[in-house]
Amino acid sequence: MMAGLLSTQYNSAWSKLHLLRNNPALSVLTSTQRKYSSKDGAGTEFLHKSVVPTMHYQKSLPRLPVPKLEDTIQRYLAAQRPLLNDEQYSNTEKVAHDFQSGAGKQLHEELVALDKNNKHTSYISAPWFDMYLSARESVVLNFNPFMSFNPDPKPEYNDQLVRATNMVCSAVRFMKTLRAGLLEPEVFHLNPAKSDTDSFKRLIRWVPPSISWFGAYMVNAYPLDMSQYFRLFNSTRIPKYRCDELLTDDKGHHLLVIRRGNLYVFDALDRDGNLIKPAEVHAHLKYILTDPTEAPSFPLGVLTSENRDTWAGLRQKLLDAGNGEALQLVDTALFCLCLDEEVMRDHIHISHNMLHGDGCNRWYDKSISIILAKDGQAAINFEHSWGDGVAVLRFQNEVFKDTTEKPLVGPGSQPASVDSASAVRRIGFKLDEELKAGITKAKENFHAAVSKLTIDAMEFKKGGKEQLKKKKLSPDAISQLAFQMGFLRQHGQTVATYESCSTAAFKHGRTETIRPASIHTKRCAKAFVQQPGQHTVEQLQGLLSECSKYHGQLTREAAMGQGFDRHLFAMRYLANFKGMALPSLYQDPAYAAINHNILSTSTLTSPAVSLGGFAPVVPDGFGVGYGVHDDWIGCNVSSYPARNVHEFLKCVHKSLEDIFTVLDGKPIN
């Protein structure tokens, strides 16, 4: 009886989870309806003291469902339809149905059985880790994204030294709050008036962790998976031949700071594990910023931008040359703080600097790096294998809130009178000629790669979220439609498009793919771009509504773990693991084409974040970061030489103009 009741509660819950939207390369899920800070005094050690323990809901989170095979095939074919001509589609349809009744049936059954035997995790978790860690390409451009902070509203607090000090202190306070179990659990509140209250929190804390999720569900609140959070700190991706490893050692008390390519460490925690005095952090960072040491001719950080097997070989040579202790200091540091010498000219400069920089003043393998430019512009660049944007965005939101509302140092603060020359250690490395040659080659490879990247941005000021919601249209659906229209206008075709959605509502969930290119967007884009005079305004409005409804359906399905991409990926991974011959579905050119994501998109809006960005995932693609605000829409887009990002953004802008013209009841030109 109880099992039946719980099953009913689980099933009915998913109909509401479409609001759990995420944004990926970044894979980020925003929770704008929740207030994190508790009323309890937290002192200087903690950001706040949550009444509900941080991991209170983790044990009772629902498990990520393995979709039904027939649903996956149906969704896969629906996503393929706009990308293929009739003959291609007919062939792909036959291959897919053969898979469903043959090899796919066997693989699906084995995947379900494996999942039932591993109830502590999700079916996608291990394959997804392996996918990232086995990739041999450089993490720069291919995997690491960035999210830039908004400036501090008080201009004088954007001084590089002041802001760096405050961010280090707030980051350490976040870590201390998390590890003490005092960080508010990550919860999505559909009815915050009921669930995001002190009275509910005092009640739910007494519900056993094994059933606490249900207590939250009863008041329309959805706790999210927090299993990735521990890797925010003291964590590094270690290069190894064929497959990298993740190292986390929470005993490290020291911070890694990089300036002019020189690596420094100092203890940000005392021997009892408490944050040192903010004035001491201030003094140590001032010491580093005024250190006259020149940039090294052979900066070690650039090696982290190399091909992973190349870097693994060079790392072993570093160890053989007696650099083990130096590398351990880097690997086990709390996180990385990059103090840059440049002043940022504009948003494009910020994007390039925070996404890749000069290659020398970074350690791209650290789980998170906080980057501060000379003028105090700040961002987070993060290594993607350990987790998705949910944890990083929560960290960024908390650090921004804490540094702007409760800064521990200010423009008038005096650094402590301490012996920073003793407390701060500049890490030296022993390099032979082979290692020097490896660093020189890494620099060349880095500059060759980033020199091909172009970034441009666009702001559409004639409408945004408020106007679209009044018309009962999904802001995300309309943004995605504008990208489809823009690409059709520029290139005359519909192509594979990727939008990520968080599955953090499930235990060890990662992401699922939304496929924004559909028969509906293709029909609508064709009407707007190629046949504007053949449709009435009402007909065009109807096409917009169709696109919005279908995109909403895809989003709900993805958030509920009911997409097709992860299911097909897991079955392919299982086939490879078993040494099976690769089923014909995975050899179909259409399967390769739909996974060659020419439009890779990710959305992000947060009070802490100015803009986010990432490189295209294929040489002939676009990396589209975008945000829909109340009265405007912004895009930050990257491309390689095969595509013209400036023309694409003009086409997207024209598409948004046409859409909002039609919504105003006017015909388009």
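Here the structure is shown first, and the text comes after it.
Rules of the game
Residues numbered from 1 in each chain as written. Predicted model: local features only at pLDDT ≥ 70, side-chain atom pairs only at ≥ 80, totals over all residues. Heavy atoms only, no water. Helix = DSSP H or I, 4+ residues; strand = E, 2+ residues; numbered from the N terminus. Buried < 20%, exposed > 50% of the residue type's maximum accessible area, 1.4 Å probe, protein only. Phe/Tyr/Trp six-rings, centres within 6.5 Å; stacked < 30°, edge-to-face > 60°. Contact = heavy atoms within 4.5 Å. Pairing = 2+ DSSP bridges. Axes fitted to C-alpha atoms, helices over the stretch in contact; angles between N-to-C directions. Core = buried A, V, L, I, M, F, W, Y, C linked by side-chain atoms within 4.5 Å. Expected span 1.5 Å × (residues − 1). Polar contact = N/O pair within 3.5 Å; in protein donor to acceptor, adjacent residues only side chain to side chain.

A. Representation of the side chain of serine 420 in the model. Mapped onto the elements of the fold, serine 420 is located in helix α15 (residues 420-423). Take serine 420: its relative accessible area is 6%, and that puts it in the buried class.

B. Up close: the packing of aromatic side chains. Going through the model one piece at a time under the given rule, you end up with 19 aromatic pairs. Judged by centre distance (5.7 Å) and plane angle (70°), the ring pair of tyrosine 132 and phenylalanine 143 falls under edge-to-face. Of this pair, tyrosine 132 sits in helix α5 (residues 125-134) while phenylalanine 143 is found in the loop between α5 and β3 (146-149), placing the two residues 11 residues apart along the sequence. Taken individually, tyrosine 132 and phenylalanine 143 each receive the classification buried, so the pair is uniform in this respect. Centroid distance tyrosine 586 to tyrosine 591: 5.1 Å. Interplanar angle 90°. Geometry classified as edge-to-face. According to the relative accessible area criterion, tyrosine 586 is buried, its value standing at 5%. Among the aromatic residues, those joined into a cluster by ring pairs are Tyr76, Phe99, Phe564, Tyr586 and Tyr591.

C. The arrangement of the environment of aspartate 658 in detail. With respect to the element layout, aspartate 658 can be found in helix α24 (residues 645-663). Given the relative accessible area of 4%, aspartate 658 is considered buried. When the C-alpha atoms of aspartate 658 and glycine 301 are compared, they prove to be 47 Å apart, with 357 residues separating the residues in sequence. With residues up to four places along the chain from it excluded, the contact list for aspartate 658 reads Arg489, Phe528 and Ile668.

D. Inspection of the sheet that holds strand β13 (residues 425-426) at higher detail. Taken together, the eight strands give an open sheet; going across it, the order is β13-β9-β8-β10-β11-β12-β3-β18, and neighbouring strands pair in mixed fashion. Where the open sheet ends on each side, the last strands, each with one partner, are β13 and β18 (609-613). For strand β8 (residues 254-259) and strand β9 (residues 262-267), the ladder comprises six bridges, and the chain directions are antiparallel. In the strand pairing of β9, arginine 259 is matched with asparagine 262. Strands β3, β8, β10 (336-339), β11 (368-372) and β12 (378-382) of the sheet are contacted by helix α6 (residues 160-179), whose axis makes an angle of about 160° with β11. Strand contacts of helix α14 (residues 389-405): β3, β11, β12 and β18, with the helix running at about 15° to β3, the strand carrying the most contacts.

E. Main features of the nonpolar core. Membership of the largest hydrophobic core comes to 87 residues, with the highest contact counts inside it found for Leu232, Leu285, Leu337, Phe395 and Leu585. Per-element accounting of this core gives the leading share, 10 residues, to α6. The residues contacting leucine 585, other than those within four sequence positions of it, are Ile73, Tyr76, Val95, Ala96, Phe99, Leu568 and Tyr591.

F. Quick peek at helix α11 (residues 308-320). Helix length check: α11 (13 residues) gives 18 Å between terminal C-alpha atoms against 18 Å at 1.5 Å per residue, within 8%. Arg308, Trp311, Ala312, Gly313, Leu314, Arg315 and Leu318 are the residues of α11 that are buried. The secondary structure elements touched by the buried residues of α11 are β6 (235-238), α12 (324-332) and α16 (433-450). At the N-terminal boundary of α11, the capping side chain belongs to asparagine 307, with an oxygen 2.9 Å from the backbone nitrogen of aspartate 309. Glycine 322 occupies a position one or two residues after α11 and carries a positive phi of about 95°.

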